[in-house]
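Fold and contact review
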Amino acid sequence: MIVADKKPIEEIIETVKPYDRILVLGCNECVTVCEAGGKKEVEVLASALRMHFIQQGSKKNFDERTLERQCDHEYLEEIRDIMDNYDAVLSLACGVGVQFMAEKYHTTPLIPGVNTCFLGATEKRGLWTERCQACGSCVLAHTAGICPISRCAKRVMNGPCGGSTGGKCEINKDVDCAWQLIIDRLRDLDRMDEYEIVTPIKDWSTERAGGPRTVAREDVQV
Amino acid sequence: MRLKCPTNFRIIRLPCTGKVDVIHMLRAFEKGADGVFVVGCMEGDCHFKTGNFRARKRVEQVAAILDTVGVGGERVRMYNLSSGEGPLFAQYAIEMDAHIRALGPSPVGTALKAQMTAA
């Protein structure tokens with residue numbers, strides 16, 4: 001899922017200052033799971049903002065709404081009839097949702113309420129870690145299911161590098177060396193012979209370096 | 001027990017402090033409450049194992065938010081006692097009452113009153 005983190009309330013206070021009628025809009029998907037932008041976070045943030053601004057004598061209005069998703073036309077359409085009531089939308093969706101809102105409601109100012117961080121997994125409640133960088137050409141079949149793109153600091157395709165010590169990466173002693181994990185798992189799978197195969201230079205054109213990407217599936221388009 | 005206890009607070013009964021969410025406490029402050037205290041079971045004695053630990057974490061979250069928005073995180077507190085400690089509950093209530101009186105009224109409550117007077 002997409003992992004996001006809350007923006008500091010102080011930063012949000014500054015960005016909402018020019019507006020009087022604000023819709024705090026949550027998203028029921030990834031940002032709900034990572035406790036950054038779901039219904040609960042919408043309620044908490046709106047309440048905090050109301051308390052801040054009432055002390056300033058300001059009559060700002062913060063309404064709350066949470067959509068199933070903000071990255072889908074059909075759910076964003078649900079708020080079309082109320083959009084005229086607001087000067088701005090404070091969206092707690094990931095960067096995708098915020099941008100999709102901006103495209104759909106062209107004349108309404110949008111304020112992001114979260115920092116979108118990475119594609120990751122929930123290790124335990126309150127701890128999310130990166131697992132994928134959406135490089136566009138998955139190599140997990142050859143790396144024992146452990147991604148050297150997202151989990152190796154250098155994105156080394158034939159590792160480990162010289163910075164691997166005791167199974168840890170040189171950037172931080174708390175970070176596992178991805179290639180150590182790969183070798184350990186290949187050994188457990190009794191597939192160490194695959195480690196001998198030198199991986200050719202990766203085609204990075206499918207990654208972000210190749211510019212904004214599109215997946216077009218004509219077989220499912222109607 | 002005929003214990004003396006302040007009468008200026010409202011008791012909201014819950015099956016476990018683990019049920020208390022951040023928004024419940026914030027709503028109280030938003031409506032003008034001067035302080036909120038959460039009273040849970042002794043740590044390690046929660047019938048649901050971690051309810052009172054969850055509550056403590058949430059109280060800390062609320063305190064941080066209140067500090068950020070200028071209300072003051074010291075207005076929310078968590079106490080722990082066992083269900084047989086009525087006198088201690090009364091003592092905590094007296095302590096919280098004195099603590100909040102020393103802090104004075106909540107700026108949100110004051111602003112709400114000013115708004116109502118102006119309207």
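Residues numbered from 1 in each chain as written. Chains lettered and ligands numbered in written order. Predicted model: local features only at pLDDT ≥ 70, side-chain atom pairs only at ≥ 80, totals over all residues. Heavy atoms only, no water.

Remarks on the domain arrangement of chain A
- Entries for chain A in the domain assignment read domain 1 (2-118) and domain 2 (136-201).
- Computed from C-alpha atoms alone, the centre-to-centre distance between domain 1 of chain A and domain 2 of chain A is 39 Å. (Domains from an automatic or database assignment.)

Digging into the side chain of H99 of chain B
Residues and elements named next belong to chain B.
- Locating H99 in the fold gives a position in helix α3 (residues 86-103).
- Overall, the relative accessible area of 17% leaves H99 in the buried class.
- Aside from chain neighbours lying at most four places away, what touches H99 is E74 and R77. (Helix = DSSP H or I, 4+ residues; strand = E, 2+ residues; numbered from the N terminus. Buried < 20%, exposed > 50% of the residue type's maximum accessible area, 1.4 Å probe, protein only. Contact = heavy atoms within 4.5 Å.)

So, unusual backbone geometry
Residue and element names in this part refer to chain A.
- In the segment running from G159 into P160, the intervening peptide bond is cis, with an omega of 0°.
- Turning to its location among the elements, P160 is positioned in the loop between α6 (148-151) and β8 (168-169).
- Residue A134 is not a glycine yet carries a positive backbone phi of 50°.
- Mapped onto the secondary structure, A134 falls in the loop between β7 (127-132) and α6.
- Take A134: its relative accessible area is 31%, and that puts it in the partly exposed class.
- Phi angles above zero are rare outside glycine, and A144 is one such case at about 60°.
- Secondary-structure assignment places A144 in the loop between β7 and α6.

Comments concerning the sheet that holds strand β5 (residues 110-112) of chain A
All names here are of chain A.
- Taken in spatial order, the four strands line up as β3-β2-β4-β5 in an open sheet, and their pairing is parallel. Every interior strand has two partners, whereas the edge strands, β3 (61-67) and β5, have only one. Looking at each pair of strands side by side, their axes are set apart by 25° on average, direction ignored.
- As defined by bridge partners, strand β4 (residues 88-91) adjoins β5 across three bridges and the pair is classed as parallel. Residue pairing across strands places S91 opposite P112, the latter belonging to β5.
- Its contacts with the sheet place helix α3 (residues 39-55) against β2 (21-27), β3 and β4, and it is angled at close to 175° to β3. (Pairing = 2+ DSSP bridges. Axes fitted to C-alpha atoms, helices over the stretch in contact; angles between N-to-C directions.)

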